[in-house]
Amino acid sequence: MKKYIGIYCLLVITFIAGCIDDRGNYDYISSDEVFPVKITGLDTSFNCLVGDVLRVTPIVTGVEGMKNLKYTWFLYQRGIAYSAEDTLCHTKDLEYWVNCDVHNYNLLFEVRDTVRDLFVKKTLDLTVSTTYSTGWFVLEDDGMNTDLDMVENGKTTENLMTTFGSDRMEGKAKKIVFKDRHPQEVEGPDGTVTKEYKKAFTVISEKDMRVYDAQNMSVLKYRNDCFYEMPTSMKPLDVATESSSDEVNIDGKFYLMSTGNIGKFGYPVMGVDGTENYSIFKDGILYSQHCYLWDEISQSFVYAYSGNSKFNFLNEAKDGEVNNGAVSNTGCEMKRFQFRNYEYKYGVTPSTWTAYALWVNQEGKYEILDLTFVSTNYPIKSKYNLPDGSGLPMAEVMAVHQTETKMFFSKENQLYEHIVNSKTDLESRERVVYTFPAGEEIACIRHIIAEKNVGEPMNRLVVLTNSVNGWKLYGFEFINGGGEFDMTVLPEEAMIGQGEGNARYVMRMDNNRNF
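Residues numbered from 1 in each chain as written. Predicted model: local features only at pLDDT ≥ 70, side-chain atom pairs only at ≥ 80, totals over all residues. Heavy atoms only, no water.

Caption draft 1: Up close: the sheet that holds strand E6 (residues 87–89). Sheet architecture is open: five strands sit in the order E2-E9-E8-E5-E6, paired in mixed fashion. Lying at the two open borders of the sheet, with one neighbouring strand each, are strand E2 (45–49) and E6. With direction set aside, neighbouring strand axes in the sheet form an average angle of 30°. Where strand E5 (residues 69–77) and strand E8 (residues 103–113) come together, nine bridges link them in antiparallel fashion. By the bridge assignment, Thr 72 is partnered in E8 with Glu 110. (Pairing = 2+ DSSP bridges. Helix = DSSP H or I, 4+ residues; strand = E, 2+ residues; numbered from the N terminus. Axes fitted to C-alpha atoms, helices over the stretch in contact; angles between N-to-C directions.)

Caption draft 2: Representation of the layout of surface pockets in the model. Estimated volume of the second largest pocket: approximately 210 Å³. In terms of lining residues, the second largest pocket is bounded by Gln 77, Cys 100, Asp 101, Val 102, His 103, Tyr 105, Asp 180, Arg 181, Tyr 197, Lys 198, Lys 199 and Gln 215. Only E8, strand E14 (173–187) and strand E15 (193–205) provide two or more residues apiece to the lining of the second largest pocket. Considering every element that reaches the lining of the second largest pocket, the biggest residue donor is E15, with three residues. Residue composition of the lining of the second largest pocket, grouped by class: four nonpolar, three polar and five charged. (1 Å grid on protein atoms, 1.4 Å probe; cavity = no way out; pocket = protein on both sides within 12 Å on 5 of 7 lines; lining within 4 Å. Points joined across faces, edges and corners; volume = space filled by probe spheres on them. Nonpolar A, V, L, I, M, F, W, Y, C, P; charged D, E, K, R; others polar.)

Caption draft 3: The nonpolar core, seen in detail. Judged by nonpolar contacts, the single largest core of 35 residues is most densely connected at Trp 136, Phe 137, Phe 201 and Leu 473. At five residues, the largest contribution of residues to this core is made by strand E37 (residues 502–510). Contact partners of Phe 137, with chain neighbours within four places excluded, come to Tyr 132, Leu 148, Asp 149, Met 150, Leu 160, Phe 201, Tyr 505, Val 506, Met 507 and Met 509. By size, the runner-up hydrophobic cluster in this structure holds 25 residues, among which are Ile 39, Cys 48, Cys 100 and Leu 126. (Core = buried A, V, L, I, M, F, W, Y, C linked by side-chain atoms within 4.5 Å. Buried < 20%, exposed > 50% of the residue type's maximum accessible area, 1.4 Å probe, protein only. Contact = heavy atoms within 4.5 Å.)

Caption draft 4: Seen up close, a nonpolar patch on the surface. Together, Tyr 342, Tyr 344 and Tyr 346 make up an exposed nonpolar region whose accessible area comes to about 390 Å². Here Tyr 346 is to be found in the loop between strand E25 (333–345) and strand E26 (349–360). Taking the relative accessible area as the measure of exposure, Tyr 346 reaches 74% and is therefore exposed. (Patch = residues over 30% accessible without salt bridge, like charges linked within 9 Å, V, L, I, M, F, W, Y side chains within 5 Å. Areas by Shrake-Rupley, 256 points an atom, 1.4 Å probe, with all protein chains shown as cover. Salt bridge = Lys/Arg side-chain N within 4 Å of Asp/Glu carboxyl O.)

Caption draft 5: Representation of unusual backbone geometry in the model. You will see that Asn 153, though not glycine, has its phi angle at about 55°, which is positive. Mapped onto the elements of the fold, Asn 153 is located in the loop between strand E11 (145–152) and strand E12 (155–157). The phi angle at Asp 251 is positive, at roughly 50°, despite the residue not being glycine. Its place among the elements puts Asp 251 in the loop between strand E19 (245–250) and strand E20 (253–258). Note on Asp 251: relative accessible area 36%, which makes it partly exposed.

Caption draft 6: Structural context of the sheet that holds strand E34 (residues 458–467). Ordered in space as E33-E34-E35-E36, the four strands form an open sheet in which the pairing is antiparallel. Each edge of the open sheet is held by one strand with a lone partner, namely strand E33 (441–450) and strand E36 (495–499). Neighbouring strand axes in the sheet, compared pairwise and without regard to direction, differ in orientation by 15° on average. Two elements, strand E35 (residues 470–477) and E36, share four bridges in a ladder whose sense is antiparallel. Looking at E36, one finds that Tyr 474 is bridged to Met 495.

Caption draft 7: Examining the packing of aromatic side chains more closely. Tallied over the entire structure, the rule returns 33 aromatic pairs. Each residue in the set Tyr 287, Tyr 292, Trp 294, Phe 301, Tyr 303, Phe 337, Phe 339, Tyr 342, Trp 353, Trp 359 and Phe 373 is aromatic and connected to the rest through ring pairs, giving one cluster. It is Arg 181 that lies over the ring of Tyr 197; its NZ or CZ is 4.0 Å from the centre. The aromatic ring of Tyr 278 is capped on one face by Lys 253, whose charged end is 4.9 Å from the ring centroid. (Phe/Tyr/Trp six-rings, centres within 6.5 Å; stacked < 30°, edge-to-face > 60°. Lys NZ or Arg CZ within 6 Å of the ring centre and 35° of its normal.)

Caption draft 8: Summary view of empty space enclosed by the protein. Tallied over the full model, the rule gives two cavities of 30 Å³ or more. Each pocket or cavity is described by its volume, and for the largest cavity that value is around 60 Å³. Around the largest cavity, the lining residues are His 182, Thr 202, Met 209, Val 211, Cys 226, Val 239, Thr 241, Asp 246, Met 257, Gly 263 and Phe 265. Counting only elements with at least two residues in the lining of the largest cavity, the list comes to strand E16 (209–213) and strand E18 (236–242). Partitioning the lining of the largest cavity into residue classes produces six nonpolar, four polar and one charged. If you trace the second largest cavity, you find it lined by Glu 440, Thr 465, Ser 467, Asn 469, Gly 470, Trp 471, Lys 472 and Gln 498. When residues of the lining of the second largest cavity are traced back to their parent elements, those giving at least two are E34 and E35. At three residues, the largest contribution of residues to the lining of the second largest cavity is made by E35. Partitioning the lining of the second largest cavity into residue classes produces one nonpolar, five polar and two charged.

Caption draft 9: Geometry of the pattern of salt bridges. Tallied over the entire structure, the rule returns 24 salt bridges. Residues Asp 93 and Lys 92 are paired through a salt bridge, measuring 2.9 Å at the closest nitrogen-oxygen approach. In this structure Lys 92 comes out as partly exposed when scored by relative accessible area, which is 27%. Note that Arg 431 and Glu 417 form a salt bridge whose closest N and O atoms lie 2.9 Å from each other. In this pair, Arg 431 sits in strand E32 (residues 430–435) while Glu 417 sits in strand E31 (residues 414–419), placing the two residues 14 residues apart along the sequence. For Arg 431, a relative accessible area of 34% translates into the label partly exposed.

Here it is as structure tokens:
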């Protein structure tokens, strides 16, 4: 054994010595010599609309005298490996009629030696959008029927529904929302039906509901197509289409839809007692599977989750917990219930929804509720009496600030601000912040925060007004994202756009995101 070990050690030493003595007798050929092709003359990114013709002319050098070269342009979504199905053409210059869906893509140009299987490539960013990817969408009506206008760069395009052949919706305008992936059944030329996902606008009026393709304003669903079984009364009150669920309130009956089906609502959610003996208030929190609502019959807060078939009551205050009164069978009348914001931080903050509500208590007094919803926990964090003379009870239009302790409401052409606190004197809590031109009446107020992945960041209060001359849209930026305005900016200077009809609701789109 010792003999074999000695022989092995001698061989290892000899090998190491040989390596040390190796002077590098090798000829290395650089990649530029093997395949000296270079691609230049290209921008790093492109932006285009569906229907555009994209023309790209690269400069390719180092191909002199080469044979068996193949040029290929590929298109694929970012984060997904390209394949043969993504091939656009096999020419050096690209001329592509953009007919793909709205997305962020990689556009890849490749020059390949098909014999030696050598190649060089260049990857570019391509953002595909539509006319409707960015802008202000104003839902308006003529007093009887609803249509949709759009404002972008100061230009108003009116009556999108009528223009694209679907006619106006029955009833006055209510609300428009956007969904990035709306499930839709599509029938192919051979009769095969498949499910595709469409970017979609869902629109409700006082008597109607439709789903539109957000890329071309074609109708995906009329109201009969939105339900497996049509509701007895088609009076939509509210709608939401967050990423993982859709919700709609039809005349007090509440419908939940998960993304697993074909984009249709089934039966309404059952009440806490397992019956349909409930009536959901027009306002509430409708947010991605989790809904916090108010039942006007039991006068209770209720919780709906897409995985449950019926509502649940929320917990009452526990021993040792701050108790601001009952949340079920309260004997109170809800007047306003408006969502403020959502917060979640993994391992730190559980899913948390906040809201302000205005109700009339059992003594007939108005109170503002500061609400925080976490699962089915007790939600009333604070409760404030409303000072005598406040304009809030009579206001038909109201909005809440998402981060500051403020509410906004209107009276004819004046915009009011109300500070939410315990002070009892009206002067310290309520004031007029803007007066609009005579003859205009405020129809909608919204606080819009758009700060991430957008072309135009904003933290803004937007106001719609109506007059005999039509609607106007104004935007007032909050200073440093807080709660104060630059009062030197007059409404006339803050006007974003205007159009015909009576405006009822406005939605902001930016880079295919809605606010």
